[in-house]
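A look at the structure
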Amino acid sequence: MTRVEETGFDNIFWVQFEGKRHLGTKNLTPGRTYYGERTVRENTVEYRLWDPYRSKLSAAIHKGLNYVPIKKGSYVLYLGASTGTTTSHVSDIVENGIVFGVEVSARVAREFVERVVKYRNNIIPIVSDARYPQNYNVVFTAVDVLYSDIAQPDATDITIDNARSYLKRGGYLVLVVKARSIDPIMSVPEIIDTEADKLKDAGFRILQIINIAPFDREHGFILSQF
Ligand SMILES: C[S@@+](CC[C@H](N)C(=O)[O-])C[C@H]1O[C@@H](n2cnc3c(N)ncnc32)[C@H](O)[C@@H]1O
């Protein structure tokens, strides 16, 4: 039996399906899926199941993220869009908002556009290196949320530069930290704390740090406010 329940976050639901509890987002494009995800229908609404092993935002919600700053109508600058797995769910959530998706690799960005962007009218792809935020010439307004998942040793510094260029005062930053690309020896929690301290020094207020194991043991997840 299928049962859908509110999570308390816009367009994100708990979907009880085949005896298990899943997260799902309300599909903006019913009938179309993007990376092999399953869909479930209740009444006239279609939900795309959101796998916490494939998306760190889903993992963080499963692990007790208190607040999802991405909402209906949000403008989101997303660094490290890759082929669009998480971006597609962020696009479901913001509905009539906008997702600016930055991806440095032209090959990956092409896949992002072919697989996801062309079916959704709220994503603007930016093929660019996030180290040079001044080069994005399509971000025409300050954003409500900066989401960063670029797996670089200096990802935190790059993200802070992007926040200074585009994030509203009082806006939210989600930083996904790939621990092993920062330090091969230190423990993952120590690395995450060090990156959180860099954010504090840059003027961010840390709201929550989440260990997203067992879904992913290499990354940490930091929610902060500018
Ligand atoms: C871990 S993957 C992102 C996965 C994606 N966020 C998801 O959940 O579906 C990291 C991506 O960041 C991109 N990337 C790495 N460095 C970058 C940079 N300096 N600027 C923009 N994108 C970058 C990589 O090409 C890769 O596609």
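Scoring rules and cut-offs
Residues numbered from 1 in each chain as written. Predicted model: local features only at pLDDT ≥ 70, side-chain atom pairs only at ≥ 80, totals over all residues. Heavy atoms only, no water. Helix = DSSP H or I, 4+ residues; strand = E, 2+ residues; numbered from the N terminus. Phe/Tyr/Trp six-rings, centres within 6.5 Å; stacked < 30°, edge-to-face > 60°. Buried < 20%, exposed > 50% of the residue type's maximum accessible area, 1.4 Å probe, protein only. Lys NZ or Arg CZ within 6 Å of the ring centre and 35° of its normal. Domains from an automatic or database assignment. Contact = heavy atoms within 4.5 Å. Salt bridge = Lys/Arg side-chain N within 4 Å of Asp/Glu carboxyl O. Polar contact = N/O pair within 3.5 Å; in protein donor to acceptor, adjacent residues only side chain to side chain. Nonpolar A, V, L, I, M, F, W, Y, C, P; charged D, E, K, R; others polar.

Overview of unusual backbone geometry
With an omega dihedral of 5°, the bond running from Ala-213 to Pro-214 counts as a cis peptide bond. Take Pro-214: it is sitting in the loop between β11 (205-211) and β12 (219-225). One non-glycine residue, Ser-82, lies in the positive phi region at around 50°. In this structure, Ser-82 sits in the loop between β6 (75-79) and α2 (85-94). You will see that Ala-151, though not glycine, has its phi angle at about 50°, which is positive. Position of Ala-151 relative to the elements: it lies in the loop between β9 (143-148) and α4 (155-166).

Comments concerning the packing of aromatic side chains
According to the stated counting rule, one finds 8 aromatic pairs in the structure shown. Their ring planes at 55° and their centres at 5.2 Å tell us that Tyr-67 and Tyr-172 sit as a pair that is tilted. Taken together, the residues Tyr-67 in the loop between α1 (56-62) and β6 and Tyr-172 in strand β10 (residues 167-178) connect sequence positions 105 residues apart. By relative accessible area, which is 28% here, Tyr-67 ends up partly exposed. For Tyr-172, a relative accessible area of 18% gives the class buried. Seen from their ring centres, Tyr-136 and Tyr-166 are 5.5 Å apart, and the 15° between their planes marks the pair as stacked. Residue Tyr-136 is located in the loop between β8 (123-127) and β9, and its partner Tyr-166 is located in helix α4; the two are separated by 30 residues in the primary sequence. Through a chain of ring-to-ring contacts, three or more aromatic side chains come together here, namely Tyr-75, Phe-100 and Phe-140. Here the basic side chain of Arg-169 rests over the ring of Phe-226, its NZ or CZ set 4.0 Å away from the ring centre.

Overview of the domain arrangement of the protein chain
With domains assigned, the protein chain is organised as domain 1 (3-51) and domain 2 (59-225). Relative to domain 2, the C-alpha centre of domain 1 lies at a distance of 22 Å. Taken residue by residue, the interface counts 18 residues in domain 1 and 20 residues in domain 2. At the boundary of domain 1 and domain 2, one finds 1 salt bridge. The salt bridge involving Arg-48 is made with Asp-92; its shortest N-O contact spans 2.9 Å. For the interface between domain 1 and domain 2, the tally reads 13 residue pairs in polar contact (both at pLDDT 80 or more). Of all the secondary structure elements, the ones that give two or more residues to the side of domain 1 that touches domain 2 are β2 (12-17), β3 (20-26) and β5 (45-50). Take the side of domain 1 that touches domain 2: its biggest share by element is 4 residues, from β3. When grouped by side-chain class, the residues that make up the side of domain 1 that touches domain 2 number 9 nonpolar, 4 polar and 5 charged.

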